[in-house]
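# Geometric and topological summary
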Amino acid sequence: QKVSVEVLDHLEHLALVDFRDSEGVERLHKAIQFADQLHEVNTDGVEPMDSVLEDRCLYLREDDVTEGNCTKELLENAREKVEEYFVAPPGNIPLPKLEERETFLQGS
């Protein structure tokens, strides 16, 4: 099953994953093949769920704060930050134009 350039572009923007080389495209094909196995599961008569825990009551524990005020130390771990916030994901990948990627898809 081939993946179009438009779908590849959309997936890259959603996941911020770079599929510019043949290895990336091959990994995507394998992921699609793996996910296609879900079509073989018979789900007739199965009601959709909001959560696998929808029929259970979740109890919350007491949240006792024992440490705090360590913003400066935590931000020292950030690869990139803006003001007092982590930039996530760090180092967003620059995505090429659609025309540049067509060559990779043609080879796969």
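Above this text sits the structure in question.
Residues numbered from 1 in each chain as written. Predicted model: local features only at pLDDT ≥ 70, side-chain atom pairs only at ≥ 80, totals over all residues. Heavy atoms only, no water.

### Considering the overall build of the protein
Note the following rule: Going along the chain from the N terminus, every DSSP run of H or I of four or more residues is numbered as a helix, and every run of E of two or more is numbered as a strand. Any two residues whose heavy atoms approach within 4.5 Å are treated as being in contact.
Summing up its helical and strand segments, the protein has 4 helices and 2 strands in all. Listed N to C, the secondary structure of the protein is α-α-α-β-β-α in terms of helices and strands. For the protein, long-range pairs separated by at least 24 residues make up 61% of all intrachain contacts whose partners lie at least 6 apart in sequence.

### Looking at unusual backbone geometry
Heads up, the rule is: Relative accessibility thresholds used throughout: buried, under 20% of the residue-type maximum; exposed, over 50%; partly exposed, between the two (1.4 Å probe, protein chains only).
In this structure, Asn69 takes a positive phi of about 55 degrees despite not being glycine. Relative to the helices and strands, Asn69 is located in the loop between α2 (22–36) and α3 (71–75). The exposure class assigned to Asn69 is exposed, which follows from its relative accessible area of 84%. Even without being a glycine, Glu83 presents a positive backbone phi close to 55 degrees. Among the structural elements, Glu83 can be located in the loop between β1 (81–82) and β2 (85–86). Take Glu83: its relative accessible area is 69%, and that puts it in the exposed class.

### Focus on a nonpolar patch on the surface
Rules: Patch definition: residues with relative accessible area over 30% and no salt bridge; like charges joined within 9 Å; nonpolar side chains (Val, Leu, Ile, Met, Phe, Trp, Tyr) joined within 5 Å. Here the Shrake-Rupley method, with its probe set to 1.4 Å, supplies the accessible areas, and only the displayed protein chains count as covering residues. The term salt bridge refers to a side-chain nitrogen of Lys or Arg lying within 4 Å of a carboxyl oxygen of Asp or Glu.
Taken together, the side chains of Met49, Val52, Leu53 and Leu58 make up a nonpolar region of the molecular surface, amounting to roughly 410 Å² of accessible area. With respect to the element layout, Leu58 can be found in the loop between α2 and α3. You can call Leu58 exposed: its relative accessible area is 57%.

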